[in-house]
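Next come the chains, spelled out residue by residue.
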Amino acid sequence: MVFGAVIIGDEILSGRRADKHLPRLIELLGVRGLKLGWARYVGDGAPRLVETLRQTFASGDIVFSFGGIGATPDDRTRQSAAAALGVDLALHPQAEALIRERFGSEINAHRLQMGMFPVGAEIVPNSYNRIPGFSIRGHFFVPGFPVMAWPMVEWVLDTQFHALHHADDYVEEAITVWDAYEGQLIDLMETVTARYPDATLFSLPTVAVPGERRSIELGMKGAAACVAAAMAKIRLEVATRGYEWQDKR
C-alpha cells in the first residue's frame, strides 16, 4: 500500500507561506513504520486541481490532501474532488450537525458550506474546532492549518490503518562520513550494493561552505537484518580507510 500527499494552495507555490505538511507527514508515517511514496504540490486553480485529483484517485493509493476545504471563494478542493469523481456535492448530515453544534445561533448558510462534501464521502473528525474534513476513495482531505490537519492525519493513521503499523520489515540506517568525497567511496558503495541486493544504498553529500566540514550521509534502507549487515560492512570499511564517522540520528 502506497501513501501519497497532495498539498494545495497558491500561497505555497508563490512562497507567501512555507509548506510544513510534507516533513510532518513523513514523520507521522515514520513513527508508525510507514513511508511516503510520493507528493505533489498544486495551486488553487480548479482545472489543474481537478486533473490532479483525477489522477490520484485513479492511482489506488492512500492520499492525504492538505488545504482548500474552507468556505471562501478560493477554496476549491471539495468541488474539485467531486468533479474528479463525477459526483455531486451535498451537505453531509454528520458534518451539518457538527457545524451547527460549533456555531449555535451564529450558524448561517455560508458556514454550512464547509459541510458540503462529494456524495459518498465520510467525515474526518477535527478535534481542534469540530469542523470536519472528509474522506472518499482512499483520499483524506484535511485543512491547511497544521494545528487542525496534523491531529486529523494521526486519527486517520491510527483508526483506519492501524493494522499496517510496523507491518513491513523496513528500516533506514545511516552514518555521517566526514571530509570525504563520494568519488572516494564509490567502490565501497558498489561492493555493498552487489553484496546486499535486498537493501538499497543511499548517499547524500553536502556542499561545504567556508567554515563547515564536508560530509556524506551514507546509509541503507530495506529489511532490518540486511540493513544491519550492510551497515556493519560500511562502518568497518570507512573506519579502515581512516575516515571519521558517526551514526546519523
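Bear in mind the structure is a predicted one, so any value in this text is a computation, not a measurement.

### Observations regarding the overall build of the protein chain
Inference 1: Within the protein chain one finds 9 helices and 12 strands.
Inference 2: C-alpha extents for the protein chain along the principal axes are approximately 75 × 40 × 30 Å.
Inference 3: Taking all 249 residues of the protein chain together, the buried fraction comes to 43%.
Inference 4: A separation threshold of at least 6 residues defines the contact pool for the protein chain, and within that pool the share at least 24 residues apart is 67%.
Inference 5: Total accessible area on the protein chain is roughly 13,000 Å²; 53% of this is exposed by carbon and sulfur atoms.

### A closer look at the pairing of strand β8 (residues 139–142)
Inference 1: By the alternation rule, side chains of β8 split into His-139 and Phe-141 and Phe-140 and Val-142, which are all buried.
Inference 2: With 4 bridges joining them, strand β3 (residues 62–66) and β8 adopt parallel strand pairing. Following the sheet pairing, Ser-65 is matched in β8 by Phe-141.
Inference 3: When strand β7 (residues 133–136) meets β8, the two strands line up antiparallel, connected through 3 bridges. Following the sheet pairing, Phe-134 is matched in β8 by Phe-141.
Inference 4: Joining the antiparallel neighbours β7 and β8 is a turn of 2 residues, in which Arg-137 adopts a positive phi near 50°.

### Notes on the sheet that holds β7
Inference 1: Spatial strand order, β2-β1-β3-β8-β7-β6: 6 strands in an open sheet with mixed pairing. Among the strands making up the open sheet, the edge pair consists of β2 (36–42) and β6 (122–124). Each strand axis lies, on average, 20° off the axis of its neighbour in the sheet, ignoring direction.
Inference 2: Both strand β1 (residues 3–8) and β3 contribute to a ladder of 5 bridges, which runs parallel. The residue bridging Val-6 from the neighbouring strand is Ser-65, located in β3.
Inference 3: Across the sheet, helix α2 (residues 21–30) lies against β1, β2 and β3, angled at about 160° from β2, the strand it touches most.
Inference 4: Helix α3 (residues 46–59) rests against β1, β2, β3, β7 and β8 of the sheet, and its axis sits at about 165° to β2.

Here is what the cut-offs are and how they apply
Residues numbered from 1 in each chain as written. Predicted model: local features only at pLDDT ≥ 70, side-chain atom pairs only at ≥ 80, totals over all residues. Heavy atoms only, no water. Helix = DSSP H or I, 4+ residues; strand = E, 2+ residues; numbered from the N terminus. Buried < 20%, exposed > 50% of the residue type's maximum accessible area, 1.4 Å probe, protein only. Contact = heavy atoms within 4.5 Å. Areas by Shrake-Rupley, 256 points an atom, 1.4 Å probe, with all protein chains shown as cover. Pairing = 2+ DSSP bridges. Axes fitted to C-alpha atoms, helices over the stretch in contact; angles between N-to-C directions.

Such coordinate-based values are descriptive only and should not be taken to indicate function.
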